[in-house]
Amino acid sequence: MMLQSLLKKIFCDNLSVDMDKLAEFLELYEVNDYIYPSALKKYLNLSTEKTYEVLSLLEKEQILKMVFFVECFDCNRKVNEYDELWKIKNDVCDECENKLIFPNNVKVVYKVVMEWKI
């Protein structure tokens, strides 16, 4: 219930998002888990724009933190993680030796940074 109260305070009815469903989604995750925008979009049946609005508000309130994954899409392997966009550099997949080039092999994900499970 604490999470739902927090979400209602953050969103203040600014977004047409089902707070109970959002809380239900977030409760699936723990600190240091990663949330893919596509998972939130699908779970809440949101537009891409609305999905990123929700994620941005959660990041602004320090519930989530945006991070960048460098991924090999051939072998579906996360090769590196960066906190800052400007730190990303081209890389090579250790598994299949593909060259991973910015921005083609970069995915935006959100890391859970707030503990809400007691």
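The coordinates are above.
Here the structure is a predicted model, which means the values were calculated and not measured.

K.L.:
What should I look at first to understand helix H2 (residues 19–26) in this one?
P.N.:
For an α-helix, 3.6 residues make a turn, and residues three or four places apart therefore share a direction. Turning to H2, its buried residues number three or more, namely Met 19, Leu 22, Ala 23, Phe 25 and Leu 26. Down the axis of H2, the sector holding all buried residues measures 160°, keeping them to one side. Capping the start of H2, Asp 18 holds a side-chain oxygen 3.0 Å from the backbone nitrogen of Asp 20, two or three residues further along.

K.L.:
I would appreciate a short explanation of the side chain of Thr 51 in the present structure.
P.N.:
You can see Thr 51 is positioned in helix H4 (residues 48–60). Reaching out from Thr 51, the side chain makes a polar contact with the backbone oxygen of Ser 47 at a distance of 2.8 Å. Those residues in contact with Thr 51 that sit more than four places away from it in its chain are Pro 37, Leu 40, Lys 41 and Leu 46.

K.L.:
What is the right way to look at the nonpolar core in this model?
P.N.:
Side chains that are nonpolar tend, in soluble globular proteins, to be buried together. Counting 18 residues, the largest nonpolar core has Val 17, Leu 22, Leu 26, Ile 35, Leu 40, Val 54 and Leu 64 as its most contacted members. Breaking this core down by element, the ones donating at least two residues are H2, helix H3 (37–44), H4 and strand E6 (106–112). Looking at this core, the element that brings in the most residues is H2, giving 4 residues. Leave out the neighbours within four places in its chain, and Leu 40 touches Leu 22, Phe 25, Asn 45, Thr 51, Val 54 and Leu 55. In terms of nonpolar packing, the next biggest core, distinct from the first, is built from 9 residues, Val 70, Cys 72, Tyr 82 and Leu 100 among them.

K.L.:
Would you explain the pattern of salt bridges in this entry?
P.N.:
Opposite charge on two side chains makes pairing possible when the charged atoms of those side chains draw close. Tallied over the entire structure, the rule returns 3 salt bridges. Linking Lys 78 and Glu 81 is a salt bridge whose minimum nitrogen-to-oxygen distance equals 3.3 Å. In this structure Lys 78 comes out as partly exposed when scored by relative accessible area, which is 37%. Judged by relative accessible area, Glu 81 falls into the partly exposed class, the value being 23%.

The rules we used
- Residues numbered from 1 in each chain as written.
- Predicted model: local features only at pLDDT ≥ 70, side-chain atom pairs only at ≥ 80, totals over all residues.
- Heavy atoms only, no water.
- Buried < 20%, exposed > 50% of the residue type's maximum accessible area, 1.4 Å probe, protein only.
- Helix = DSSP H or I, 4+ residues; strand = E, 2+ residues; numbered from the N terminus.
- Arc of directions from axis to C-beta.
- Polar contact = N/O pair within 3.5 Å; in protein donor to acceptor, adjacent residues only side chain to side chain.
- Contact = heavy atoms within 4.5 Å.
- Core = buried A, V, L, I, M, F, W, Y, C linked by side-chain atoms within 4.5 Å.
- Salt bridge = Lys/Arg side-chain N within 4 Å of Asp/Glu carboxyl O.

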